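Notes for the structure review
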Amino acid sequence: MKINLTINNQEKVVDIDPDMPLLWLIRDVVKLKGTKFGCGMALCGACSLYVDGELVRSCSYPAKMADGKRITTIEGLSENESHLHPVQQAWLDIQVPQCGYCQPGFIMAAAKLLEQNPNPSVEDIKNGITNICRCGTHPRIIKAIIHASKIK
Ligand code: FES
Ligand code: FES
């Protein structure tokens, strides 16, 4: 089936299997590889992106439901490479990643948290971000989100 959607401010018409999750539309059809596959069960958050501004775990979101919607992926979070989103800048400043695999999902979740709560406490961050990092970068993630809240 054909659907129309806007991905990172670019309009697209894509031909997809009606049962395809949005994650595979983004990775395999549109070839944006920043959004990752982890669990495939809406548990880990590696596949997080925005659909009409809402944080969504795209492995469990049917691509056909994105028809007519606006998608933002990690590639579209900042305005351009010379003007990083404050969360991306904080990630660099604090040197958060280890292997890096889970980090796009965390960055998307962190940016949304700060949009909704510009000065979160450590508790707010722990409660608001349920993504999983197998490398155990959570302490640096918390530090980076607090840092991002101060530099934005
Ligand atoms: S891959 Fe989607 S939540 Fe884990
Ligand atoms: S940095 Fe390796 S899984 Fe998170």
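Here's a quick rundown of the structure.

Turning next to the packing of helix 2 (residues 86-94) against helix 5 (residues 138-151). At a minimum axis distance of 8 Å, the contact between helix 2 and helix 5 shows a crossing angle of 125 degrees. Taken together, the axis directions place helix 2 and helix 5 in an arrangement best described as oblique. Between helix 2 and helix 5 lies a crossing of right-handed hand. Facing helix 2, whose interface residues are Pro86, Val87, Gln89, Ala90, Trp91, Asp93 and Ile94, helix 5 presents Arg140, Lys143, Ala144, His147, Ala148 and Ile151. Within the contact of helix 2 with helix 5, the residues separate by chemical class into eight nonpolar, two polar and three charged.

What follows concerns unusual backbone geometry. Its identity as a non-glycine residue notwithstanding, Lys31 has a phi of 65 degrees, on the positive side. Considering the arrangement of structural elements, one finds Lys31 in the loop between helix 1 (22-29) and strand 3 (48-51). Note on Lys31: 7 C-beta atoms within 10 Å, which makes it exposed. With a phi close to 65 degrees, Ala42 is a non-glycine residue in the positive phi region. Relative to the helices and strands, Ala42 is located in the loop between helix 1 and strand 3. Judged by local crowding, Ala42 falls into the partly exposed class, with 13 C-beta atoms found within 10 Å.

The subject of this paragraph is the pairing of strand 2 (residues 10-15). Burial analysis of strand 2 places just zero of its six residues in the buried class, a small minority of the element. Where strand 1 (residues 2-7) and strand 2 come together, six bridges link them in antiparallel fashion. Bridged to Leu5 within strand 2 is Lys12. Counted along the chain from strand 1 to the antiparallel partner strand 2, the turn is two residues long, and its residue Asn8 has a positive phi close to 50 degrees.

What holds strands together in a sheet is hydrogen bonding between their backbones, with the strands either parallel or antiparallel. Within the open sheet, the five strands sit side by side as 2-1-5-3-4. Their pairing is mixed. The two strands at the open ends of the sheet, each matched to only one other strand, are strand 2 and strand 4 (54-57). Across this sheet, the average inter-strand angle for adjacent strands is 40 degrees, counted without regard to direction. Across two bridges, strand 3 lies against strand 5 (residues 70-72) in antiparallel orientation. Across the sheet, the residue bridging to Tyr50 is Thr72, located in strand 5. Sitting on the sheet, helix 3 (residues 103-116) is in contact with strand 3 and strand 4, with an inclination near 45 degrees to strand 3.

Let's shift gears to the pairing of strand 3. Bridge analysis of strand 3 against strand 4 gives four bridges, and the strand direction is antiparallel. Across the sheet, residue Tyr50 finds its bridge partner in strand 4, namely Leu55. With antiparallel pairing between neighbouring strands as the criterion, strand 3 and strand 4 make up a hairpin whose turn holds two residues, including Asp52 at a positive phi of roughly 50 degrees.

Cut-offs and rules
- Residues numbered from 1 in each chain as written.
- Chains lettered and ligands numbered in written order.
- Predicted model: local features only at pLDDT ≥ 70, side-chain atom pairs only at ≥ 80, totals over all residues.
- Axes fitted to C-alpha atoms, helices over the stretch in contact; angles between N-to-C directions.
- Helix = DSSP H or I, 4+ residues; strand = E, 2+ residues; numbered from the N terminus.
- Parallel < 35°, antiparallel > 145°, perpendicular 65-115°, else oblique.
- Left-handed = near helix turned anticlockwise from the far one by under 90°.
- Contact = placed C-beta atoms within 7 Å.
- Nonpolar A, V, L, I, M, F, W, Y, C, P; charged D, E, K, R; others polar.
- Buried ≥ 20, exposed ≤ 12 C-beta atoms within 10 Å, placed from the backbone.
- Pairing = 2+ DSSP bridges.

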